[in-house]
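Architecture and fold: a report
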Amino acid sequence: MSTKAEVTPRRRRRQELMSTSIATARRLLADGGVESVTMLAVSREVGIAGPALYRYFPSRADLLRATHRDVLDELVAHVRAATTRQPAGDRAAALQALTYAMFGWCVAHPREFDLLLGGDLRLAEADAPVGDEGGNGTFYEVAALTFTALAGQWADGAARFDEPVRPELAPELAARRDVLLAAYPDVPPGAPLGLLAAGRVAWQRTFGLLCMTVYGHITEPDGPVRRGYITALLDDLTARNLALFGLGVSAAAVVDPVFASGPGTGGPDAGRPDAGVPDAGAPAAGTPAHGPGPAQAGLTGVGRAETREGAYPAAAHPAGPHPADGESPSATGRRARLRRALLEESLASARRLLDEHGADGVTMQAVAKDVGIAAPGLYRYFDGRPGLLHATHQDVVDELLAAVEDARSRQPADDPSAQCHAVVHATFRWCLAHRNEYDLLMSGRLRISRPGVAAAEESHGSGPAPLMALERVGAVFAPIALAWWRAGCRVIPDDELPPALVPHLRAARKAMLGIPDFPPDVPLGLLHAMNLCSARHWGLLTLTVYGHVGDVGAPEAAARLDALVLDLMADVHEIFDRPVSPGVVLVRDIS
C-alpha cells in the first residue's frame, strides 16, 4: 500500500512537468503563433518522448486549452494589479487603469491575444467552448472587473440607465447580470439591463481599436507616429466611455503608457513594429508614401481601391507564369491556360481547407495533394505558404466586398442611411457564415507574416506586403459618410477635436486626396466621426464572430443578430445626427 510520502514526489513531478510544458507552449506561441504549438515540438523542448506528453495532455487541444488558461490568468492578474494601484474610491481611475492595462498587455503579446480571441476557432476539435460555462467568452473575465465601478455609479444615482434594451437582447443581458451578481454579492441586485448594455458599448469601442491595433489594421509610415495616433484615439474613446457612466477622466489615475516597457508589457520594445505587432513599417512598392492614412478601417476606410490584378505583391503573385518560364502574365496559349486553371483550382482548394480547418489547415502540401500535383510544383505559382495564404486572403476579401456591394446596390441611391445599415448587416451576415475566413481577414498580417522576418522587410519584396482587408471593406463606407456630410450631418469643429488627433487626421485627409471625387475641404471632424464608428463596428463584429457575444450565427438567432446591428446603427446615427432610414432592404440570403 502506497504511503503519502511515496505518492507526493510523483504528483510533484507530474505538476512540474505540466507547468514546464505549458511554459514551453507559451514560448512557442509567442515565437510562431498557435500553429507552432504542437505535441511534438513541446515534448522535444521539454526533453521527453512525444507519446509521454499525452499522459499529461490527452490531445493538442487540451495542451492549447491549458496554455489558453495560463495566458488568461496572466492578463487578468496584470489588469487587477493595475486597478489596485488607483486611489481608493476613484471609479474613473480604476476604469482607466483597466482599459490601458488590458490594451498595453495585448499589444505587447499579440500572439497570446490571438489565442485568447480565437480560442473557440483554434480549438474547434475540443469538446467544449473555451469561454466559461455560461458562454460569456474569454474576455468576459476582464470586462467583469468593471462591474462594481459601473454598478456603483448607478447605485449612487450618478448615472441612470432607463433606456429599454431591445427585447431580443434582454435574455442574454439578464443572464450575464445574474452571473455578475453571483460573482459580486456586494452589488445591489436591482442593477438595470441598461447598465450592462452601456458597458457593452464601451467595451466594443475599446475592443475594436485593440483588434485593429494588434492585427495591424492601423498603419503609419513609422512606428512612433502610429503609436501616437493610437494612444490619442484610445484617450478619446476612454473619455467618451467614461461619460456614458457620468464620469470624467481622472487626473489622479496611475496609468502606464500603452506602448512602453514594464511588468507584463513585453520588454522595452513592446509595441514596436518589429516587436511582435506587425506594422506597415514602410509603404510597399507602388503605394503612396503615406499609404491610406492612419486609420483606414470600418467606417473610417476610404483607402485606395485595389484592382484584382494589383492586389498581390510581386513576390507572392499567384497569377501569371513563374519568372523562369519567360511568359507574359497575359499569355493566351495552351500552357498559360493550364497554368490559370491550376491556379484557380489551387485557390479553390485553399478556400475549402480554410473553411473546414481554418488558416492552419491551408498548407502547400495539403493543397498540392488536393489538386494532384507534387508539393514542390506548387511553388511555381505561390511564394511559399505565405504567398498561398496571401492569395487566399485576397480572394476572401473580394467575395466579402461583392456581398456588401450587392447589399448597397439594393438600396435607394439617395438614401445613405439605408445603404449604411444594409452594408453593416451584410458584413455581419457574411462574416458569421464564414468565421474562418473572417479570422484570416482580421488576423492575416499576424498569421501570414513569416516567422523571424519583420513586416517592414516583407513589405519591401521578400514576401507578402501588409494586408489591409479592413481598409478595402471600409472603403465602401466613404461615399456614405460624404453623402451625410453634404446633407448637413453633425461634424465636430476642428478646434473642438482632441488636439493630439488633429495632425493625424490632417495627414489622413491629405492621403485621401488621391481617391476619385474626394473633396479637399472635408472637415477633420467627419473623419473622426468615422473613426469612432469604425471602432465599435469592428469591435462588435469581431466579438460576435469569435463567439464572445453569445451564439448569433444559428438561423434561429437571426432576430438577435438584427437587434445587434440595430443597436450599432443607433450609435452611428447618433454620432452623425442622421435619421434612421425606413426604407432599408436587408439581404438575408447571404451564403
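Because the structure is a prediction, the values reported are computed rather than measured.

Side note on the pattern of salt bridges
One pass over the full model with this rule turns up 27 salt bridges. Residue arginine 490 is joined to glutamate 574 by a salt bridge in which the shortest nitrogen-to-oxygen separation is 3.7 Å. Placement of the pair is arginine 490 in the loop between helix H21 (478–486) and helix H22 (502–511) and glutamate 574 in helix H24 (residues 558–576), with a sequence separation of 84 residues. A residue is classified by how much of its surface remains accessible, and glutamate 574, at 47% relative accessible area, is partly exposed. Among the ionic contacts, a cluster of salt bridges with common partners joins Asp114, Asp360, Asp439 and Arg447.

Regarding the packing of helix H16 (residues 384–409) against helix H18 (residues 435–448)
Where H16 contacts H18, the axes come no closer than 10 Å and their chain directions differ by 145°. H18 is crossed by H16, and the crossing has left-handed handedness. From H16, Pro386, Leu389, His390, Thr392, His393, Val396, Val397 and Leu400 reach across to H18, where they touch Glu437, Leu440, Leu441 and Ile448. In the contact of H16 with H18, the residues fall into eight nonpolar, three polar and one charged.

With respect to unusual backbone geometry
Of all residues except glycine, most have a negative phi; of all peptide bonds, most are trans. The phi angle at aspartate 577 is positive, at roughly 55°, despite the residue not being glycine. Of note, aspartate 577 is situated in the segment after H24. In this structure aspartate 577 comes out as partly exposed when scored by relative accessible area, which is 41%.

Concerning helix H14 (residues 364–371)
For H14, the set of buried residues is Met364, Val367, Ala368 and Val371. Viewed end-on, H14 has its buried residues packed into an arc of 100°, placing them on one side of the element. Away from its buried face, by an angle of more than 90 degrees, H14 presents the exposed residues Gln365 and Lys369. The elements touched by buried residues of H14 are helix H13 (334–357), helix H15 (375–378) and H16. Glycine 372 sits one or two residues past H14 and shows a positive phi near 85°.

The rules we used
Residues numbered from 1 in each chain as written. Predicted model: local features only at pLDDT ≥ 70, side-chain atom pairs only at ≥ 80, totals over all residues. Heavy atoms only, no water. Salt bridge = Lys/Arg side-chain N within 4 Å of Asp/Glu carboxyl O. Helix = DSSP H or I, 4+ residues; strand = E, 2+ residues; numbered from the N terminus. Buried < 20%, exposed > 50% of the residue type's maximum accessible area, 1.4 Å probe, protein only. Axes fitted to C-alpha atoms, helices over the stretch in contact; angles between N-to-C directions. Left-handed = near helix turned anticlockwise from the far one by under 90°. Contact = heavy atoms within 4.5 Å. Nonpolar A, V, L, I, M, F, W, Y, C, P; charged D, E, K, R; others polar. Arc of directions from axis to C-beta.

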